[in-house]
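What follows is each chain in one-letter form.
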Amino acid sequence: MTTMTIAKAINEGLRATLDNNPRTLLMGEDIGALGGVYRVTDGLLAEFGADRVVDTPLAESGIIGTAIGLALRGYLPVCEIQFDGFVFPGFNQITTQLAKMHARSNGSLTVPVVVRIPYGGGIGSIEHHSESPEALFAHTAGLRIITPSNAHDAYWMIRQAVECQDPVIVFEPKRRYWLKGEVNTDSPGASADPFKAHVLREGTDATVVAYGPLVPVALAAADAAAEDGHSIEVIDLRSISPIDFDTVTASAKKTGRLVVAHEAPTFGGIGGEIAARISERAFLSLEAPVIRVGGFHMPYPVAKVEEDYLPDIDRILEALDRSLAY
Amino acid sequence: MGATHLPSTEFDQTAADDQLEAEAEAQLGSPAEPMVQLLAPDGTLGTDPVFSAYADRLDGKKLRGFYADMAKIRRFDVEATALQRQGQLALWVPLTGQEAAQIGSGRASQPQDYIFPTYREHGVALTRNVDLAELLRQFRGVSNGGWNPKDTNFHLYTLVLAAQTPHAVGYAMGIQRDQKLAAAAVAADAAADRPAEPKAAVMVYFGDGASSEGDVHESMVFAASYNAPVVFFCQNNHWAISVPSSVQTRIPLSNRAKGYGFPGIRVDGNDAIAVHAVTEWALEHAREGNGPVLIEAFTYRVGAHTTADDPTKYRESAEETLWRAKDPLDRLEKYLRAQGLADDAYFDQVKADGDELAAYVRKTTYDLETPDIRTAFANTYVEAHPLVAEELAWFEEYSAGFAETPEHSAEPSSPDPDDAATGVAR
């Protein structure tokens, strides 16, 4: 066990991947000498050279598109998109090409490309630097989407994403890059399946499902609720596509109440999908409607008011109060 | 060839060039630019200081092969158009007029090269030994692909304009890396007496319409940045559905290569000999590690963009007449006859072969089986996916509700031997 930040854990995961497989390479803007704007790739250029850690021109479609070509040739590219809001020039390549190549070829071609996207708010930045577009990608069949919330997952998820034969998008919670945690680099343990949700805290009165940057918020809300005598179960979803509905359903049936929290706008978001599925699967066990907590239907607001936008402990507690009131 | 004499648009002029360029100027409304042409519309063979040497490699057999390929693919095009009109295909994308651009370039590639087509490269597919009937799977709506690219190094058609251009550059970057890894392996094991892998390049096709897409720009930036062994082959057929190329570019498209720092060559796209020579040069250039090349094949889409299109709404028939006079098949036939390389018997045989191909394609199209949607469930992801499994299970249960019971069925039910093959794939 080693203690490290999420950023360092991803760095170590990438290092292990580059070490283990000569056909792995990293691609992205400023990932070489600079080590990435968040220094996630720090030191890897010096260690593995410019052919393995490729500083690309500033062109997201070019990055994803050439990665697809490299994958068709048998390579395992890991692309870094600098910020969430800048993925859209590459959206076409991800959704019309990367996601569909396997199906289009009737299964004869695989494109195991990994796309790393720092996402979410809370860093006080300017426009396009704090978005949560995961639902836009989750709606596209052919993609897998995972998001770590702790250092151990961060280390293993990047390794597992590279090993997966399907294209995988790893949404990295940028405001948690400096969150430290224990990492066991010898064994993933319970993290062996990156597409399985984890019950982080057992409870009996209600369940809160969260992922990525909101997981620590959900845990803190559960702590606060406990002071009021409420026993709250907290689930880290971990995988946004596919979603581990079995784990969420089991919890909802157990507690009878479910709150889903994410930073992305509530409308059309992952929370709605979870609410609908759980309503189908556990309708007779629910004591209250599934309640969603998320961002508002607006462009991500300016940094000076992002605290009003981002779901916090109080917003989750308010949702729990409403749920428990039924 | 040194860097001081890179083929670009700076070539010596011939009278035929002048004529063609004057016509181009009239059509494009921009200053004419030098263009490589060897075989003039009247069937006479000219010279070029760089590319005649490549044309000299072509013997009578190869030239007859070019003609046979062009005639076959034109016949195929006619047949596919007819199939669409008869409701057998959902759509067809005709290539008539572009046979020389496609056969000339495709025949210049080597088996180890990898080709990324757009959706009109039926002639290139022929040169890569793709079963032409396989091409029709996509247009009949029984597949989004239809062939395995690994069999022929001919990639699937791409319908999103220019999306395949960065794929080509990435694939070329992969070839570069493979060559480095192979060289390192040989160096590490100097005693090994292994045969060297043939050097390879990538060729990617797109049209003048697609040249407006950002992906073409980004792929050319990447190709230049990494000196990737890729040949960009732009078929300028003058029309992006109804928008003329003059709206999309103020300069010959080949000139854009200068901005990226690699050679750009405009070639008469209706001259199979010149197209072959230029492409052979470009692929050699790329394979030898000298980086990318852009070829603009100046040609014309004689027919509609697709069978859903009506070119009479946006262009004059006189323009089509002008280009029909530069027909790629006619001019090569004139040359073959004048040189005594082919006679009536040869051309009769080519026609018979074309009819045979058309009959084969027609029959094969009728026989294409509608796939089971379970194959789509199976091919969405490589690895097991719980949502797909859940929805497939629902579909199976739902479908089972429609199964005819023996008392309601006119025919006694019997087990379908294909059920095992089409059942749950994973």
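Caption draft 1: Expanded view of the overall build of chain A. The helix and strand tally for chain A stands at twelve helices and 14 strands. For 326 residues, the compact-globule estimate of 2.2 N^0.38 gives 20 Å, and chain A sits close to it at 19 Å. The dimensions of chain A, computed from C-alpha atoms along their principal axes, are 60 × 40 × 40 Å. Computed over 27 positive and 41 negative side-chain charges, the inter-centroid distance for chain A is 5 Å.

Caption draft 2: View of the nonpolar core. In this structure, Ile274(A), Val230(B) and Phe232(B) are the most contacted members of the largest nonpolar core, which totals 146 residues. Setting aside its immediate chain neighbours within four residues, Val230(B) contacts Ala168(B), Val169(B), Ala172(B), Val202(B), Val204(B), Ala223(B), Ala286(B), Gly291(B), Pro292(B) and Val293(B).

Caption draft 3: Region of the structure containing the pairing of strand S2 (residues 24-28) of chain A. Residue and element names in this part refer to chain A. The element S2 is extensively covered by neighbouring structure, given that five of its five residues are classed as buried. On S2, burial covers both faces: Thr24, Leu26 and Gly28 on one face and Leu25 and Met27 on the other are all buried. Where S2 meets strand S4 (residues 76-80), five bridges bridge the pair, whose relative direction is parallel. Following the sheet pairing, Leu25 is matched in S4 by Pro77. For S2 and strand S3 (residues 53-55), the ladder comprises three bridges, and the chain directions are parallel. Across the sheet, the residue bridging to Gly28 is Asp55, located in S3.

Caption draft 4: The layout of surface pockets, seen in detail. By volume, the largest pocket amounts to about 760 Å³. Counting residues per element, the ones that place at least two in the lining of the largest pocket are helix H6 (134-138), strand S12 (239-241), helix H9 (245-255) and helix H10 (270-282) of chain A together with helix H16 (374-379) and helix H17 (386-400) of chain B. Taken together, the residues of the lining of the largest pocket sort by class into 16 nonpolar, eight polar and ten charged. Of the voids in this model, the second largest pocket is the one considered here, and its volume is about 560 Å³. As for the second largest pocket, its lining consists of 24 residues, of which Asp178(B), Gln179(B), Ala182(B), Glu197(B) and Pro198(B) are closest to the centre.

Caption draft 5: Main features of empty space enclosed by the protein. All names here are of chain A. Counted according to the given criterion, the structure contains two cavities of 30 Å³ or more. Within this model, the largest cavity holds a volume of roughly 40 Å³. Taken together, Ala225, Asp228, His230, Ile232, Leu317, Leu320, Asp321 and Leu324 form the lining of the largest cavity.

Caption draft 6: Quick peek at the sheet that holds strand S6 (residues 264-268) of chain B. Residues and elements named next belong to chain B. Sheet architecture is open: five strands sit in the order S1-S2-S3-S7-S6, paired in parallel fashion. Every other strand in the sheet has two partners, leaving strand S1 (114-116) and S6 as the edge strands with one partner each. When the angles between neighbouring strand axes are averaged without regard to direction, this sheet yields 20°. Sheet analysis places strand S2 (residues 202-207) next to strand S3 (residues 230-236), joined by six bridges and oriented parallel. When the sheet's bridge partners are listed, Tyr205 is paired in S3 with Phe233. Here helix H8 (residues 164-188) sits on the sheet in contact with S1, S2 and S3, set at roughly 170° to S2.

Caption draft 7: Fine view of the environment of Arg324(B). Within the element layout of this structure, Arg324(B) appears in helix H13 (residues 317-324). Expressed as a C-alpha distance, the spacing of Arg324(B) and Tyr300(B), which sit 24 residues apart in the sequence, is 9.0 Å.

Caption draft 8: Structural detail: helix H7 (residues 151-163) of chain A. All names here are of chain A. Taking 1.5 Å per residue as the helical rise, H7 with its 13 residues ought to reach 18 Å, and the 19 Å between its terminal C-alpha atoms agrees with that figure. Taken residue by residue, H7 has Ala151, His152, Asp153, Ala154, Tyr155, Trp156, Met157, Ile158, Arg159, Gln160, Ala161 and Val162 as its buried positions. If you check the start of H7, you find a side-chain oxygen 3.2 Å away from the backbone N of His152, and it comes from Asn150.

Caption draft 9: Structural detail: a nonpolar patch on the surface. On the surface, a cluster of nonpolar side chains totalling about 400 Å² of accessible area is made up of Trp394(B), Tyr398(B) and Phe402(B). Examined against the element boundaries, Phe402(B) turns out to sit in the loop between H17 and helix H18 (419-422).

Caption draft 10: Looking closely at the side chain of Glu99(B). Along the chain, the position of Glu99(B) falls in helix H4 (residues 99-106). Apart from the residues within four sequence positions on either side, Glu99(B) is in contact with Met70(B), Ile73(B), Arg74(B), Gly104(B), Pro328(B) and Leu329(B).

Caption draft 11: The interface of chain B and chain A, seen in detail. Facing 43 residues of chain B, the contacting portion of chain A comprises 47 residues. Interface area for chain B against chain A, summed over the two sides, is near 3700 Å², with a carbon-plus-sulfur share of 56%. One can count six salt bridges joining chain B with chain A. Close ionic contact of Asp178(B) with Arg23(A) constitutes a salt bridge, the shortest N to O distance being 3.1 Å. Those elements giving two or more residues to the side of chain B that touches chain A turn out to be helix H7 (149-152), H8, helix H9 (214-225) and H17 of chain B. When residues of the side of chain B that touches chain A are assigned to their parent elements, the largest contribution, twelve residues, is made by H8(B).

Caption draft 12: Highlighting the packing of aromatic side chains. Residue and element names in this part refer to chain B. Going through the model one piece at a time under the given rule, you end up with 36 aromatic pairs over all chains. Look at Phe116 and Tyr171: their rings are 5.9 Å apart centre to centre, the planes differ by 70°, and that puts the pair in the edge-to-face class. Taken together, the residues span a long stretch of sequence, with Phe116 in strand S1 and Tyr171 in helix H8 at a distance of 55 residues. Neither residue differs from the other here; Phe116 and Tyr171 are each classed as buried. Ring geometry for Tyr260 against Phe262: centres 6.0 Å apart, planes inclined by 20°, an arrangement best described as stacked. Judged by relative accessible area, Tyr260 falls into the partly exposed class, the value being 21%.

Caption draft 13: Just the sheet that holds S12(A), in detail. Residues and elements named next belong to chain A. Read across the open sheet, the seven strands follow the order S3-S2-S4-S5-S7-S6-S12; overall the sheet is mixed. Looking at strand neighbours, the two that pair on one side only are S3 and S12, the edges of this open sheet. Shown here is a sheet whose adjacent strand axes are inclined to one another by a mean of 20°, direction ignored. Its contacts with the sheet place helix H1 (residues 6-20) against S2, S3, S4, strand S5 (114-119) and strand S7 (168-173), and it is angled at close to 135° to S2.

The rules behind these values
- Residues numbered from 1 in each chain as written.
- Chains lettered and ligands numbered in written order.
- Predicted model: local features only at pLDDT ≥ 70, side-chain atom pairs only at ≥ 80, totals over all residues.
- Heavy atoms only, no water.
- Helix = DSSP H or I, 4+ residues; strand = E, 2+ residues; numbered from the N terminus.
- Rg over C-alpha atoms; globule rule 2.2 N^0.38 Å.
- Lys, Arg positive; Asp, Glu negative; His and termini not counted.
- Charge placed at Lys NZ, Arg CZ, Asp CG, Glu CD.
- Core = buried A, V, L, I, M, F, W, Y, C linked by side-chain atoms within 4.5 Å.
- Buried < 20%, exposed > 50% of the residue type's maximum accessible area, 1.4 Å probe, protein only.
- Contact = heavy atoms within 4.5 Å.
- Pairing = 2+ DSSP bridges.
- 1 Å grid on protein atoms, 1.4 Å probe; cavity = no way out; pocket = protein on both sides within 12 Å on 5 of 7 lines; lining within 4 Å.
- Points joined across faces, edges and corners; volume = space filled by probe spheres on them.
- Nonpolar A, V, L, I, M, F, W, Y, C, P; charged D, E, K, R; others polar.
- Axes fitted to C-alpha atoms, helices over the stretch in contact; angles between N-to-C directions.
- Expected span 1.5 Å × (residues − 1).
- Polar contact = N/O pair within 3.5 Å; in protein donor to acceptor, adjacent residues only side chain to side chain.
- Patch = residues over 30% accessible without salt bridge, like charges linked within 9 Å, V, L, I, M, F, W, Y side chains within 5 Å.
- Areas by Shrake-Rupley, 256 points an atom, 1.4 Å probe, with all protein chains shown as cover.
- Salt bridge = Lys/Arg side-chain N within 4 Å of Asp/Glu carboxyl O.
- Buried area = accessible area lost by both parts, 1.4 Å probe.
- Phe/Tyr/Trp six-rings, centres within 6.5 Å; stacked < 30°, edge-to-face > 60°.

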